[in-house]
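An overview of the molecular structure
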Amino acid sequence: SDVGSQKERVVTDEEWLEKWETGNIGFHKEEGHPLLQKYLDVLLNGRSGLRIFFPLCGKAVEMKWLADMGHSVVGVEISEQAVKDFFSEHSLPYCEEPVPEISGAKMFQSTSGNISLYCCSIYDLSSSIVGKFDGVWDRGALVAVNPCDRQHYASLMISLVEKNSSYLLVTVSYDPNKHKGPPFYVPETEIKSLFG
Ligand code: SAH
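Residues numbered from 1 in each chain as written. Predicted model: local features only at pLDDT ≥ 70, side-chain atom pairs only at ≥ 80, totals over all residues. Heavy atoms only, no water.

What to know about the packing of aromatic side chains
Using the following cut-off: Pairing of aromatic side chains requires ring centres within 6.5 Å, counting the rings of Phe and Tyr and the six-membered ring of Trp. Pairs whose planes differ by under 30 degrees are stacked, by over 60 edge-to-face, and all others tilted. Only DSSP runs of H or I covering at least 4 residues are called helices, and only runs of E covering at least 2 are called strands; the numbering of each starts at the N terminus. Only lysine NZ and arginine CZ atoms are considered, and such an atom sits over a ring when it is within 6 Å of the ring centre and within 35 degrees of the ring normal.
All told, the structure shown has eight aromatic pairs when counted by the stated rule. Pairing W16 with F27 gives two aromatic rings, centres 6.0 Å apart and planes at 70°, and the pair type is edge-to-face. In this pair, W16 sits in helix α2 (residues 13-22) while F27 sits in the loop between α2 and α3 (34-44), placing the two residues eleven residues apart along the sequence. Ring pairs connect the aromatic residues F86, F87, Y94 and F108, which therefore count as one cluster. When the ring centre of W16 is taken as origin, the NZ or CZ atom of K19, which lies over that ring, is 5.5 Å away.

In structure tokens, the structure reads:
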């Protein structure tokens, strides 16, 4: 678990926006993630009508899936193109409005009201703006965060969840000397120290 080669790497917001502009989005999958299907019961834990958070959401199709099951979905994504593509690719009408607490941020909401996507950096959010969540689907999020920001990210996520929440986290395991990331390799020991 030598992650030395990745520790200093930084992907800027501009680089992410450029990935969306150039269609360099190999991380996006049209099929719902098999691990969400497999662990859906763990996420829901018998509950209905949950508030579920998608950090660094891209245009993840699982947002539509959970909304269709009657949950309320909130996502955050820096790319406005990703957010608009999500709604148009699912033929969902939406409206957009500024977020008074965050300069430059916009919130895109499906007309039906059950999907709200914040277009801003996740580091601009707080529970006073978005409330707290009963469930989290973290796929391509912790592993996409710059290694130097992981601690900040994890404490923010902890501040955004309710006491009885479920947090599904997908990571990838590979030799970090062979690929510069993202996705970054986050060793299990680090996940334990980040989330306790
Ligand atoms: N979770 C999604 C996307 C993974 S790729 C999926 O499963 O498909 C990571 C995404 O995070 C990219 O779309 C990128 O534009 C976005 N992103 C990167 N840094 C961010 C930040 N600080 N705040 C919000 N979104 C960010």
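Picking up after the structure, the text goes on.
Considering unusual backbone geometry
As a reminder, the rule being used: Classification of residues uses two cut-offs on accessible area relative to the type maximum, computed with a 1.4 Å probe and protein chains only: under 20% is buried, over 50% is exposed, and between them is partly exposed.
Omega for the peptide link from G181 to P182 comes to 0°, which places this bond in the cis form. Mapped onto the fold, P182 is located in the loop between β7 (161-170) and α8 (188-195). Residues P182 and P183 are joined by a peptide bond in cis, for which omega reads 0°. Mapped onto the fold, P183 is located in the loop between β7 and α8. A positive phi angle, close to 50°, is found at N45, a residue other than glycine. Judged by its relative accessible area of 56%, N45 falls in the exposed class. A positive phi angle, near 50°, is found at S91, a position not held by glycine. With respect to the helices and strands, the residue S91 is situated in the loop between α5 (80-89) and β3 (94-98). Looking at S91, the relative accessible area reads 63%, which means it is exposed.

Regarding the nonpolar core
Heads up, the rule is: For our purposes a nonpolar core is just a set of buried Ala, Val, Leu, Ile, Met, Phe, Trp, Tyr and Cys residues, chained together by side-chain atoms within 4.5 Å. Residue contacts are counted whenever heavy atoms from the two residues lie within 4.5 Å of one another.
If you look at the biggest cluster of nonpolar residues, it comprises 28 residues, and the most contacted ones within it are F53, Y118 and L125. Looking at this core, the elements with two or more residues in it are β2 (72-77), α6 (127-130), β6 (133-139), α7 (150-159) and α8. Tallying contributions element by element places α7 first for this core, with four residues. Aside from chain neighbours lying at most four places away, what touches L125 is F53, V76, I102, Y118, C120, V130 and L156. Membership of the second largest hydrophobic core comes to 24 residues, among which are L43, F54, V83 and L168.

Some details on the site of the ligand
Spelled out, the test is: Summary of the distance rule: residues count as near a molecule or strand when at least one heavy atom falls within 4 Å of that molecule or strand. In protein, a polar contact requires one atom able to donate a hydrogen and another able to accept it; more generally it is a pair of N or O atoms within 3.5 Å, and residues adjacent in sequence count only if both atoms are side-chain atoms. Under this grouping Gly is polar, as are all residues other than the nonpolar Ala, Val, Leu, Ile, Met, Phe, Trp, Tyr, Cys and Pro and the charged Asp, Glu, Lys and Arg.
Taken together, the neighbourhood of the ligand is formed by 15 residues, with W20, L56, E77, I122 and R139 sitting nearest. Between the ligand and E77 there is a distance of 2.7 Å, counted from an oxygen atom to a side-chain nitrogen or oxygen. In this structure, S121 approaches the ligand through a side-chain N or O atom, which is 3.2 Å from a nitrogen atom. Per-class residue counts for the shell around the ligand are ten nonpolar, three polar and two charged.

Some words on a negative patch on the surface
Applicable threshold: The patches described consist of residues with a relative accessible area above 30% and no salt bridge, like charges being joined within 9 Å and nonpolar side chains (Val, Leu, Ile, Met, Phe, Trp, Tyr) within 5 Å. Computed with the Shrake-Rupley method and a 1.4 Å probe, the accessible areas treat only the protein chains shown as cover for residues. Any carboxyl oxygen of Asp or Glu that lies within 4 Å of a side-chain nitrogen of Lys or Arg is treated as forming a salt bridge with it. Residues scored as charged are limited to Lys and Arg (positive) and Asp and Glu (negative), so that His and the chain ends carry no count. To locate a charge, take NZ of a lysine, CZ of an arginine, CG of an aspartate or CD of a glutamate.
Where like charges cluster on the molecular surface, the negative patch consists of D13, E14, E15, E18 and E21. Topologically, E15 is positioned in helix α2. Assessed through its relative accessible area of 35%, E15 is described here as partly exposed.

Re α5
This is how it is decided: The arc in question is traced by the directions running from the helix axis to the C-beta atoms.
Those residues of α5 that fall on the buried side of the exposure criterion are A82, V83, F86 and F87. On an axial view of α5, the arc spanned by its buried residues comes to 130°, and they lie on one face. Packing partners of the buried residues in α5 comprise α2, α4 (62-68), β2, β3, β4 (106-110) and β5 (115-119). Looking one or two places after α5, you find S91, whose phi comes out positive at around 50°.

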